[in-house]
Amino acid sequence: MARVRLSVAERREELLTAAVEQIEARGVAAVRIADVASALGVSNALVLYHFSSKEKLVAAAFAHAAEADLAHLRRLLGRRSSAVRRLRAAVRWYAPTGQAKGWRLWIEGWAASLRDPELRRVAASLDKEWKTALTRVIAEGAETGEFRCADPAAAAWRLTAFLDGLAVQTTAYAGSLSRSAMLRWADAALTRELGLPDASPGTGEPEDPPRDDPPASPGT
């Protein structure tokens, strides 16, 4: 059966989706252009036509996998509710127990970016977007008097650093910490940064209900 002819945008989407799947299965270092081509039944030349090197394909695939999560983060932080509720929902979602990006993919990307300038540039840009989005809402809550935070940018950095580190630990050592413990730690980190009263279940704001539109990123 003849393959359906795709537009350039559709073909790139197909290639990036396949690249993400192959990276997750094989790792950044081991994945080849040929693996992506074979998964789709196309030629190596077609993959290279859209992405001139493996490095460019990997960097684009990494960005592709993260963009859906960034869009979801913006939706969470753009809700019409208090800054505290929006931040708590975002932190719980971003934590290793939530539905944020496939942590294995991110950890692969971080490791590979040490030797790949293109991937390092993409990862740094995405990381900056996460921190900027959190900083904006923390600053908004501080300005309206919901809580006190003298340095919203520093708070956003500390929160993401804590959650990233927790993700590395729990991904590398699966089962080392329970889901409930991780959620308590994530909430406690936010509580400390914003100078809030204890937000443990039953004492703080009610937990946000689960979303019915989880992000479509792989590995979750």
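Bear in mind that the values here come from a model prediction, so they are computed numbers and not experimental data.

What counts, and at which threshold
Residues numbered from 1 in each chain as written. Predicted model: local features only at pLDDT ≥ 70, side-chain atom pairs only at ≥ 80, totals over all residues. Heavy atoms only, no water. Helix = DSSP H or I, 4+ residues; strand = E, 2+ residues; numbered from the N terminus. Buried < 20%, exposed > 50% of the residue type's maximum accessible area, 1.4 Å probe, protein only. Contact = heavy atoms within 4.5 Å. Areas by Shrake-Rupley, 256 points an atom, 1.4 Å probe, with all protein chains shown as cover. Expected span 1.5 Å × (residues − 1). Axes fitted to C-alpha atoms, helices over the stretch in contact; angles between N-to-C directions. Parallel < 35°, antiparallel > 145°, perpendicular 65-115°, else oblique. Left-handed = near helix turned anticlockwise from the far one by under 90°. Nonpolar A, V, L, I, M, F, W, Y, C, P; charged D, E, K, R; others polar. pLDDT = per-residue confidence, 0-100.

### Re the overall build of the chain
- Of regular secondary structure, the chain possesses 9 helices and 0 strands.
- When its helices and strands are written in sequence order, the chain yields α-α-α-α-α-α-α-α-α.
- For the chain, with 220 residues in total, the buried portion stands at 46%.
- Across the chain, every contact between residues at least 6 apart in sequence was considered, and the portion connecting residues at least 24 apart equals 68%.
- Approximately 11700 Å² of the chain is accessible, and the part contributed by carbon and sulfur atoms is 55%.

### A look at helix H5 (residues 83-94)
- Between its first and last C-alpha atoms H5 spans 16 Å; for 12 residues at 1.5 Å apiece the expected length is 16 Å, and the two agree.
- H5 sits mainly inside the fold: 11 of its 12 residues count as buried.
- Residues Ala83, Val84, Arg86, Leu87, Arg88, Ala89, Ala90, Val91, Arg92, Trp93 and Tyr94 constitute the buried set of H5.
- Buried residues along H5 sit in contact with helix H4 (54-77), helix H6 (103-113), helix H7 (117-143), helix H8 (152-172) and helix H9 (179-194).

### Quick word on the packing of H6 against H7
- Contact geometry for H6 and H7: axes closest at 8 Å, N-to-C directions at 130°. When the axis of H6 is compared with that of H7, the two are oblique. The handedness of the crossing between H6 and H7 comes out as left-handed. The residues of H7 that touch H6, namely those facing Trp106, Gly109, Ala112 and Ser113, are Leu119, Arg120, Leu126 and Trp130.
- For the contact of H6 with H7, the class distribution of residues is 5 nonpolar, 2 polar and 1 charged.

### Regarding the confidence of the model for the chain
- Predicted confidence across the chain gives a mean pLDDT of 83, with 85% of residues reaching 70 or more.
- Least confident of the elements in the chain is H6, whose mean pLDDT is 81; most confident is helix H2 (residues 33-40), at 96.

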